[in-house]
Amino acid sequence: MTLLQVMPDDAPGTVLLRTRDDERVIGELADHGVTLRRWPVRTGDTPALDDQALLDLYRDRIDEVRARDSMKLVDVARLHPAPTEEWRERAAKARTTFLEEHRHGEDEVRFFAHGRGLFTLHLDTRVLAVLCEAGDLLSVPAGVRHWFDMGERPDFAAIRFFQEEDGWVGDFTGAPIASRFPRLDELAGSDL
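Source: prediction; values computed, not measured. The numbers attached to residues start from 1 for each chain and follow its sequence in the written order. Given that this is a predicted model, residues contribute local features only at a pLDDT of at least 70 and side-chain atom pairs are listed and counted only at 80 or more, while totals for whole chains, interfaces and linings are drawn from all residues. Excluded from the side-chain calculations are hydrogens and water; all other atoms, namely the structure's heavy atoms, are used.

Caption draft 1: Region of the structure containing the overall build of the protein chain. For the protein chain, the count of helices and strands is five helices and 11 strands. Radius of gyration here is computed from C-alpha atoms only, and the compact-globule reference equals 2.2 Å multiplied by the residue count raised to the power 0.38. What you see for the protein chain is a C-alpha radius of gyration of 16 Å, in line with the 16 Å of a compact globule of 192 residues. If you line up the protein chain on its principal axes, its C-alpha atoms span 45 × 40 × 35 Å. Here the protein chain, with 192 residues, has 45% of them falling under the buried criterion. Whether two residues are in contact is decided by their heavy atoms, any of which lying within 4.5 Å being enough. Put simply, 73% of the contacts in the protein chain that link residues at least 6 apart link residues at least 24 apart. Surface accessibility in these figures is a Shrake-Rupley result with a 1.4 Å probe; residues are shielded only by whichever protein chains are displayed. About 9200 Å² of surface is accessible on the protein chain, with carbon and sulfur atoms providing 49% of the total. The helix and strand labels rest on DSSP assignments: H or I over at least four residues marks a helix, E over at least two residues marks a strand, and numbering proceeds from the N terminus. In this scheme, a residue with accessible area under 20% of its type's maximum is buried, one over 50% is exposed, and one in between is partly exposed, where area comes from a 1.4 Å probe on protein chains only.

Take a look at the structure:
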């Protein structure tokens, strides 16, 4: 179930809202033009499926999004823990890639088929931390400042949708704001 935590952009320790209530989360995000939908998670050992098998598992849903939102490309981003130094280095590099505030020239649309990831959105004077979990389809509008954290031990599979081949390039703002707000492990750990 999705977790939403809202904070002022100048006071990361002040929690204005913290909820897992689907209706409240969806409504709060919609107020800012961000769309969250829930898809039933399909059976199968998602981490064991190769990318094509995972895409095939959700083909009907993927085709709906592609038609509705004019998405031209679809792929899979994934990381699953492995007890190797190579995996640890790959995971650390992947994690740091989008930990800083940035925006994209097109909508960022992700469906979590497995695991979780934290999208933190900087909207006006508020920061909305959206902890997405399996079954969440999040659409962040083009131009929205945000950052993404996959956690210290990434374990997820996300189906990504693109409008253009080069539309997803990150435009980093250079602002240090992301370092002041909770990361995935801290936010999820405080929910126990």
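Caption draft 2: View of the pattern of salt bridges. The term salt bridge refers to a side-chain nitrogen of Lys or Arg lying within 4 Å of a carboxyl oxygen of Asp or Glu. Tallied over the entire structure, the rule returns 14 salt bridges. One salt bridge in this structure joins arginine 38 and aspartate 136, with 2.1 Å as the shortest N-O distance. Here the residue arginine 38 occupies a position in strand E3 (residues 35–38), and aspartate 136 occupies one in strand E8 (residues 136–140), the gap between them amounting to 98 residues. What makes arginine 38 partly exposed here is its relative accessible area of 33%. By relative accessible area, which is 0% here, aspartate 136 ends up buried. As a salt-bridge pair, aspartate 69 and arginine 68 come within 3.3 Å of each other at their nearest N and O atoms. With relative accessibility at 40%, the residue arginine 68 sits in the partly exposed group.

Caption draft 3: Focus on the nonpolar core. Residues Leu4, Leu29, Leu121 and Leu138 are the most contacted members of the largest nonpolar core, which totals 26 residues. Elements supplying a minimum of two residues to this core: strand E1 (3–8), helix H1 (22–30), strand E4 (73–79), helix H4 (85–97), strand E6 (108–123), strand E7 (126–133), E8 and strand E10 (156–162). Among all residues touching leucine 138, those that are not within four sequence positions of it are Leu29, Val34, Thr35, Leu36, Glu108, Val109, Arg110, Phe119, Val130 and Cys132. One finds Tyr58, Val65, Val109 and Phe111 within the second-largest nonpolar core, a separate group that totals 15 residues. Side-chain atoms within 4.5 Å are what join buried Ala, Val, Leu, Ile, Met, Phe, Trp, Tyr and Cys residues into a set we call a nonpolar core.

Caption draft 4: Summary view of the environment of threonine 97. Following the sequence through the fold, threonine 97 ends up in helix H4. Residue threonine 97 is classed as partly exposed on the basis of its relative accessible area, which comes to 38%. Along the sequence, threonine 97 and phenylalanine 148 sit 51 residues apart, while their C-alpha atoms lie 8.8 Å from each other. Here lysine 93 takes part through its backbone oxygen, which lies 2.8 Å from a polar atom of the side chain of threonine 97. Pairing of N or O atoms within 3.5 Å defines a polar contact, subject to two protein rules: one partner must be a possible hydrogen donor and the other a possible acceptor, and residues neighboring in sequence count only if both atoms are side-chain atoms.

Caption draft 5: Local environment of the pairing of E6. The buried fraction of E6 amounts to 14 of the 16 residues, a majority that puts the element mostly inside the structure. Only strands joined by at least two bridges in the DSSP assignment are considered to pair. Pairing of E6 with E8 involves four bridges; the strand directions are antiparallel. Its bridge partner being in E8, valine 109 is matched across the sheet by serine 139. Relative to E10, E6 runs antiparallel, the two being bridged by six bridges. Each bridged residue has a counterpart across the sheet, and for histidine 114 the counterpart in E10 is alanine 157. Taken together, the eight bridges between E6 and E7 define a ladder with antiparallel strand orientation. Paired with threonine 120 across the bridge in E7 is alanine 129. Taking the residues that link successive antiparallel strands as the turn, the E6-E7 hairpin has two residues, and the phi of aspartate 124 there is positive, at about 55 degrees.

Caption draft 6: Molecular detail of the side chain of glutamine 5. With respect to the helices and strands, the residue glutamine 5 is situated in strand E1. Residue classification places glutamine 5 among the buried positions, given a relative accessible area of 6%. Side-chain polar atoms of glutamine 5 contact the side chain of arginine 18, separated by 2.2 Å. Leaving out residues up to four positions away in the same chain, glutamine 5 has contacts with Val15, Leu17, Arg18, Val127, Leu128, Ala129, Pro182 and Leu187.

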